[in-house]
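# Understanding the architecture of this molecule
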Amino acid sequence: MTSTSPLSSPLLSSPLSRRGLLGAVGAAGAAGLLGAGPAAAAAATASGGRGSAALVIHNARVFTGTAGGGGPVEAVAVGRDGKILATGSGSALRRHIGRDTEVVDAHGNTVMSGIHDGHVHPLGAGDRSLRPSLEGAETTLPELRELLAGFLADTGGAGAEPDAWLVVEDWNPVGLLPTGSVPHHSMLDALATRRPVALVGGDGHNLWVNRRALEIAGITAATPDPVGGRIVKGPDGQPSGVLKDDAQDLVKRHIPEPSRAELVAACAKVLELAAASGVTTMMDALVGRHELELYQALSAAGKLPQRIVPAIRLDAEQTKDPAGALAYARGLRKEFEGVGGLRFGMVKVFLDGVIEYPAQTAALLKPYLDGNGKPTGNRGELYTSAADYGRLTAAFNKAGWQMHAHGLGDRAVRTALDGYAYARRVTGQRDARNAVAHLQIVDPADLRRFAQLGVAACMQLQWAAEDTWTMEALLPYIGPERHRWMYPARSLERVGARLTGGSDWPVDALQVWNQLRTAIDRQGAYGTGELHRELEGLSRTSVLRMHTSGTAWQLRQEGLTGTVEPDKAADLVVLDRDVTRCPVADISGTGVRMTLVGGRVVHDADSAAGRAAAGRAARAGSGPRPATYAAVHGGRHHACGH
């Protein structure tokens, strides 16, 4: 089935697959499936389907996500306007069956709201898919050179010499073996090529290039660090070839972009993957004109299956000029607000960077340790002050916009909260719904402030597991007292904070259901142990709500989506198991049989396109890891495409 924009038409796509999952039946047959008697079937037939549903899903265990009581819900009727017409028992919903109603047998598995991804970079995933990937591999230098030599051959070989860039994605900034090896351009210069070479960190915060790339960019010992970035230099004062954060742009501006057609095709493919994973709404957490033009093209081509909330990215300089920043955001909204599937009103600011050793640029209240328990002089990097962030927030909140801050270390989290508190005092607004994303370390003194200020705690809990990156690369450098407050989900929930969820894809792989599972058991499919599960693990119900109605609240669309109840948009998923009752470990392997957005089927696992997308989703959900997992933990969420 061809994916189309969910907002272009509220009706179900047609024709639907007839292969097992779906089937159009006559009124009498459908009524029989749902346990109706002959009289009801005759009445439905006599009505000619007048007022009948476009789709009825039955024999389901429906997770409504609502707080109300009542008996189990086992069926959902979707109206022809793309909204949920009714929920209840199969027998109660028989009255909504007409001659052309599609009927889905869920086989006792879960039907629920689609997943709302509150922090993701889907177009970045499309862009990355066009280039070779190291998949976060940990390698020795000879192994790395062998891989890169293969990429050079695959991307044109001798015919690409000397000027075609080799750009490789998903380099692991801490993956050069033996552990502690420091990247330098001389290691890449030894490759048998004159081409400029750039290795893009899977964390998004690091770029490693050869001397040719440095020369093209004009980077020398005299080049100053840009605001929000750093040119790493050796003891001799010469650039090492590693560029951090905004310094990456010094090189990236010289790398040719793929064609618009190539990007649109690649992005359409990854959006199909998201639909096959059950994602129905996404907040793109890093958007500028380039991304908005891509969304415009995707929407025009009918290849935008999700609802998209673009968060317009503001750089460090813009945060010092609230009026200018607001004018910039308003200008983009005015230009692109007519694009179907987009809803504006969010901006994004980076407050800090990376916490794991050796980068350690996440902003901490107390210094990093040296690995032996002694404090260093490093508290990380804070890109924007609380005063500047507060003034910026006040300007945007007053104009009706929401703020979304990348806050990873406890000092960055406090800076965001201080800024939000200032804006609340100045504007008097009590429902701004600003957010802080990632929250790897939160000082316990700041937990209650999330509820007091109405701030969304947007967490990526697939990272909340014991592994190399939360233990060896972090515990010795922050100590056990702070380590205990890693991803404090239950502590935040206990004091009344609103929990919301996001994947940070492609900084991390899109593994939606393992993400949910890890939020519960704090180990997931790839952890070596449970990361403070007894203190911070969430209940199954909390996790399901966090990734549906919780994130819908964050995005100001809880009146439209996030729960399964009449008059809400039919943004639904039909799963291949009952995630409300299956063993927690089995949640990781969940497959999505069908995804609907606004009543439109955007993924049908029994269609040809759906089978292909489901296959990609299954491969993404099962690895290969730990290579990819190591990459994302080497700097994963710190990047956010930065």
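Residues numbered from 1 in each chain as written. Predicted model: local features only at pLDDT ≥ 70, side-chain atom pairs only at ≥ 80, totals over all residues. Heavy atoms only, no water.

## Quick look at the sheet that holds strand 23 (residues 572–575)
- Taken in spatial order, the 5 strands make up an open sheet running 3-7-23-24-25, and their pairing is mixed. Two strands lie at the open edges of the sheet, namely strand 3 (61–63) and strand 25 (600–604), each paired on one side alone. If you compare each strand with its neighbour and ignore which way they point, the axes differ by 20° on average.
- Pairing between strand 24 (residues 592–597) and strand 25: 4 bridges, direction antiparallel. Note on strand 25: the bridge partner recorded for Val-597 is Arg-600. (Pairing = 2+ DSSP bridges. Helix = DSSP H or I, 4+ residues; strand = E, 2+ residues; numbered from the N terminus. Axes fitted to C-alpha atoms, helices over the stretch in contact; angles between N-to-C directions.)

## Remarks on the nonpolar core
- Phe-396 and Phe-450 are the most contacted members of the largest nonpolar core, which totals 97 residues.
- If one sorts the elements of this core by residue count, helix 8 (residues 260–276) sits on top with 9 residues.
- Contacts of Phe-396, omitting those with residues within four sequence positions, involve Leu-314, Pro-322, Ala-325, Leu-326, Ala-329, Val-347, Trp-401 and Met-403. (Core = buried A, V, L, I, M, F, W, Y, C linked by side-chain atoms within 4.5 Å. Buried < 20%, exposed > 50% of the residue type's maximum accessible area, 1.4 Å probe, protein only. Contact = heavy atoms within 4.5 Å.)

## Some points on the pattern of salt bridges
- Per the counting criterion, the structure on display carries 28 salt bridges.
- Here Arg-313 and Asp-246 are joined by a salt bridge, their closest N and O atoms 3.5 Å apart. Placement of the pair is Arg-313 in strand 17 (residues 307–314) and Asp-246 in the loop between strand 15 (239–245) and helix 7 (249–252), with a sequence separation of 67 residues.
- A salt bridge links Arg-433 to Asp-431, with the nearest nitrogen and oxygen atoms 3.0 Å apart.
- For Arg-433, a relative accessible area of 9% puts it in the buried group.
- Several salt bridges share partner residues, and in doing so they unite Asp-127, Arg-128, Arg-131, Glu-169 and Asp-170 into one network. (Salt bridge = Lys/Arg side-chain N within 4 Å of Asp/Glu carboxyl O.)

## Thoughts on the layout of surface pockets
- One number sums up the size of the largest pocket: a volume of about 1300 Å³.
- Along the wall of the largest pocket there are 47 residues; nearest its centre are Asp-127, Arg-131, Lys-252, Glu-257 and Glu-291.
- Among the elements of the structure, helix 3 (122–128), strand 10 (166–171), helix 7, helix 8, strand 16 (279–287), helix 9 (289–300) and strand 17 are those that each provide at least two residues to the lining of the largest pocket.
- Within the lining of the largest pocket, the residues separate by chemical class into 20 nonpolar, 10 polar and 17 charged. (1 Å grid on protein atoms, 1.4 Å probe; cavity = no way out; pocket = protein on both sides within 12 Å on 5 of 7 lines; lining within 4 Å. Points joined across faces, edges and corners; volume = space filled by probe spheres on them. Nonpolar A, V, L, I, M, F, W, Y, C, P; charged D, E, K, R; others polar.)

## Things to note about the packing of helix 10 (residues 322–336) against helix 11 (residues 386–398)
- For the pair helix 10 and helix 11, interaxial distance at closest approach is 9 Å and the crossing angle is 40°. Judged by the angle between their axes, helix 10 and helix 11 are oblique. Remark: the crossing between helix 10 and helix 11 carries right-handed chirality. Contacts from Pro-322, Ala-325, Leu-326 and Ala-329 of helix 10 reach helix 11 at Arg-391, Leu-392, Ala-395 and Phe-396.
- Residues belonging to the contact of helix 10 with helix 11 are distributed by class as follows: 7 nonpolar, no polar and 1 charged. (Parallel < 35°, antiparallel > 145°, perpendicular 65-115°, else oblique. Left-handed = near helix turned anticlockwise from the far one by under 90°.)

Such coordinate-based values are descriptive only and should not be taken to indicate function.
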